[in-house]
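Secondary and tertiary structure notes
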Amino acid sequence: MSANLTHADWQRLAGELSFETRAYIGDAFVEAASGETFEAINPATGQRLARVASCDAADVEAAVGHARAAFNRGDWSRLAPGARKQAMLRLAALMEMHINELALLDTLDMGKPIGSSLGDMAGAIGCIRYNAETIDKLYGEVAPTGEESLGLVLREPLGVVGSIVPWNFPLMMTAWKIGPALAAGNSVILKPSEKSPLSALRLARLAQEAGLPAGVFQVLPGFGHTAGKALALSMDVDCLSFTGSTGVGKQLMQYAGQSNLKRVYLECGGKSPNLVFADCRDLDAVARHAAEAIFHNQGEVCIAGSRLLVENSIREAFVERVLAHAETMQPGDPLDPASFMGAIVDATQHARILDYIRQGVAEGANLRTGGQAVSPVAGGLFVAPTVFDNVTPQMAIGREEVFGPVLAVFGFDSEEQAVALANDSEYGLAAGLWSQDIDRIMRVSRRLHSGQVFVNNWAGGDMTVPFGGVKQSGNGRDKSHHSLAEYSELKTVWMSLAT
Ligand code: NAD
């Protein structure tokens, strides 16, 4: 049904929407204890959507108390996995029933095109289902002992999990965190980004309807330096699962050290290399994928293919094709299903992207297209798809995460040089390579220092494979049964049978 909705339909639905703006603590929707609020602004129009409760340490303390009480009560943590599964499947079904509304909330709150938001919702629902379905299929172990002993290896939930998520895929990142954490039996406190809290608050209402017991899933909208920091410093939170910038990830590790040595799982930034060899199959199709890899979601993607490494023998022909595809990906109204790119999340990020573009020009990179703000919707924050050629690893646009629609093109002459360039980064989240030579594919995939390598595609994968980075891109893994394992403790029970 969503597929048939027109631009006008989405505009009408957006006008009819109402917003939950209160925190969800225990089993009630409440204002922040301080009474403070912050604004939710639609970056595509500059208009205010709502004022949202701004939680701080007092609200965190209350939520942690409810979470711990729920965990100790055991009506979720000790519930049979099959029963947790049923509740989570009800949540997934409710999300599906409200898919248009949830997609609209993310689009209005942070500017991504409605088509992308619908894709995110399908991913989020799929993630909740996957984890629900997996939880009653994971067995413990019996250790190989002599017959006088029995060694059991059990998996138990951690306790209270704090999830702190970013704004670029608000509900999908939420699902990647809470899906496995809830399935494993933990109590979860979610702090959405202050730039995109609305879908998480709607999700809280759906979780309540699905029958998740009080205190098992709570949502605290608020800022990082207030609510986020208090959660990270809490002595009664057992685990932090974070997606966001590398800088904040480092702070969270410090907070864990200063408090109770809680586990910290980090999914952080990236500057992902996309390697195009002259023997790739179809230059034009690969160029389209390379453009999509950076311009999808306005470039506000942790695994954006922001460094394009092209073999010099085909470089000019390839870049020409990338430019032609970029031309078709201009930003438009996020409520128009035909828009490929939407608005940039806020004025700070918009200014930051334009600043990087100015630095690129000043440092001598060759600006081939874009490079400026555009206004497909009055009052909105948009940036044209931008391509720089002749980039070097010393330039800011060649090293740092821009988190916007800015592509940096490098040339290489040999496989050796390509791999060295690709690995010359503090990040290691994703990498891509395009070639038809199977020996090269195997060699290069193994040598790329990256959490995931996409071969003849970009951003492929589904719930069955882990997602995460190495180096300063983080240490956690979302998706797959490996993420479920992160949210449980291994416990050994050793029984003596001879006495
Ligand atoms: P951010 O680090 O600024 O914020 C992320 C979250 O952390 C927000 O909820 C924020 O309020 C909170 N936060 C900020 N300061 C905090 C503090 N001192 N203590 C506790 N919490 C704090 O990141 P962002 O701008 O929201 O998102 C963009 C970043 O996220 C990019 O670097 C991007 O690469 C990364 N990201 C990574 C992945 C991944 O899977 N690796 C996925 C999406 C986004």
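Residues numbered from 1 in each chain as written. Predicted model: local features only at pLDDT ≥ 70, side-chain atom pairs only at ≥ 80, totals over all residues. Heavy atoms only, no water.

**Describing the overall build of the chain**
The cut-off we apply is this: A run of DSSP states H or I qualifies as a helix once it reaches four residues; a run of E qualifies as a strand once it reaches two. Both are numbered from the N-terminal end. Only protein chains enter the accessibility calculation, which uses a 1.4 Å probe; a residue whose area is less than 20% of its type maximum is buried, one above 50% is exposed, and one in between is partly exposed. Any two residues having at least one pair of non-hydrogen atoms within 4.5 Å are treated as being in contact.
The helix and strand tally for the chain stands at 16 helices and 23 strands. C-alpha extents for the chain along the principal axes are approximately 75 × 60 × 45 Å. Counting across all 499 residues of the chain, residues that qualify as buried make up 58%. Residue pairs in contact within the chain that sit at least 24 positions apart in sequence constitute 75% of those at least 6 positions apart.

**With respect to helix α3 (residues 81–97)**
Inclusion rule: Multiplying 1.5 Å by the residue count of a helix minus one yields the expected span of that helix.
Under the 1.5 Å per step criterion, the end-to-end length of α3 is 24 Å for 17 residues, consistent within 8% with the ideal 24 Å. Considered for burial, the residues of α3 that qualify are Arg-84, Lys-85, Ala-87, Met-88, Leu-89, Leu-91, Ala-92, Leu-94 and Met-95. The inward-facing, buried residues of α3 contact α4 (99–110), α5 (114–135), α6 (170–183) and α7 (198–210).

**A short note on the sheet that holds strand β23 (residues 488–496)**
Where we set the bar: Here the rule is simple: two strands pair whenever DSSP picks up at least two bridges between them.
An order of β5-β6-β23 is seen for the three strands of this open sheet, with the pairing classed as antiparallel. The strands lining the two open edges of the sheet, one partner per strand, are β5 (141–142) and β23. As defined by bridge partners, strand β6 (residues 149–157) adjoins β23 across nine bridges and the pair is classed as antiparallel. Bridge pairing in β23 places Pro-157 opposite Ser-488.

**Topic: the packing of α6 against α7**
Geometry of a packed helix pair, given as the angle between the helix axes and the separation of the axes. Applied cut-off: Orientation is described by axes fitted as lines to C-alpha atoms, over the contacting stretch for helices, and by angles from 0 to 180 degrees between their N-to-C directions. In what follows, roughly perpendicular refers to angles from 65 to 115 degrees, roughly parallel to angles under 35, roughly antiparallel to angles over 145, and oblique to any angle outside these ranges. In this scheme the crossing of two helices becomes right-handed for a clockwise turn of the near helix relative to the far one and left-handed for an anticlockwise turn of less than a right angle. The nonpolar class holds Ala, Val, Leu, Ile, Met, Phe, Trp, Tyr, Cys and Pro. Asp, Glu, Lys and Arg form the charged class, and all remaining residues, Gly among them, are polar.
Their axes nearest at 8 Å, the elements α6 and α7 cross at an angle of 50°. Comparing the axis directions of α6 and α7 gives the class oblique. Crossing geometry of α6 relative to α7 is assigned as right-handed. Along the contact surface, α6 presents Pro-170, Leu-171, Thr-174 and Ile-178, while α7 presents Ser-199, Ala-200 and Leu-203. Class assignment of the residues belonging to the contact of α6 with α7 gives a composition of five nonpolar, two polar and no charged.

**Regarding the pattern of salt bridges**
Where charged atoms from two side chains of opposite charge come close, those side chains can pair. Stated precisely, the cut-off is as follows: The salt bridge definition used is simple: a Lys or Arg side-chain nitrogen within 4 Å of an Asp or Glu carboxyl oxygen.
Scanning the model with the defined rule gives 33 salt bridges in all. In this structure, Glu-20 and Arg-205 form a salt bridge, with 3.4 Å as the shortest nitrogen-oxygen distance. In this pair, Glu-20 sits in the loop between α1 (7–16) and β1 (23–25) while Arg-205 sits in helix α7, placing the two residues 185 residues apart along the sequence. Take Arg-205: its relative accessible area is 29%, and that puts it in the partly exposed class. We note a salt bridge from Glu-194 to Lys-191, for which the minimum N-O separation is 3.6 Å. The exposure class assigned to Glu-194 is partly exposed, which follows from its relative accessible area of 24%. Assessed through its relative accessible area of 2%, Lys-191 is described here as buried.

**Things to note about the site of the ligand**
Let me state the cut-off plainly: We call a residue near a molecule or strand whenever a single non-hydrogen atom of that residue lies within 4 Å of it. What qualifies as a polar contact is a pair of N or O atoms within 3.5 Å, subject to a donor-acceptor requirement within protein and to the restriction that residues adjacent in sequence count only when both atoms come from side chains. Methods summary: accessible areas were calculated by the Shrake-Rupley approach with a probe of 1.4 Å, and residue burial reflects only the protein chains presented. Domain ranges listed in this record stem from an automatic or a database domain assignment.
Contacts to the ligand come from 29 residues, most closely from Val-165, Glu-194, Ser-245, Cys-268 and Glu-401. Backbone polar atom of Gly-244 to an oxygen atom of the ligand: 3.4 Å apart, as the coordinates give it. One of the side-chain N or O atoms of Gln-251 is found 3.5 Å from a nitrogen atom in the ligand. When the ligand is considered free in solution it has 850 Å² of accessible area, and contact with the protein chains removes 91% of it. Contributions of two or more residues to the shell around the ligand are made by α8 (224–233), β10 (239–243) and α9 (246–258). No other element matches the four residues that α9 contributes to the shell around the ligand. Both domains that furnish three or more residues to the shell around the ligand are identified here as domain 1 (2–268 + 474–491) and domain 2 (273–462).

**Some words on the side chain of His-350**
Relative to the assigned elements, His-350 resides in helix α12 (residues 347–362). Relative accessible area serves as the criterion here: at 11%, His-350 is assigned to the buried category. Leave out the neighbours within four places in its chain, and His-350 touches Ile-344, Ala-373, Leu-381, Phe-382 and Val-383.

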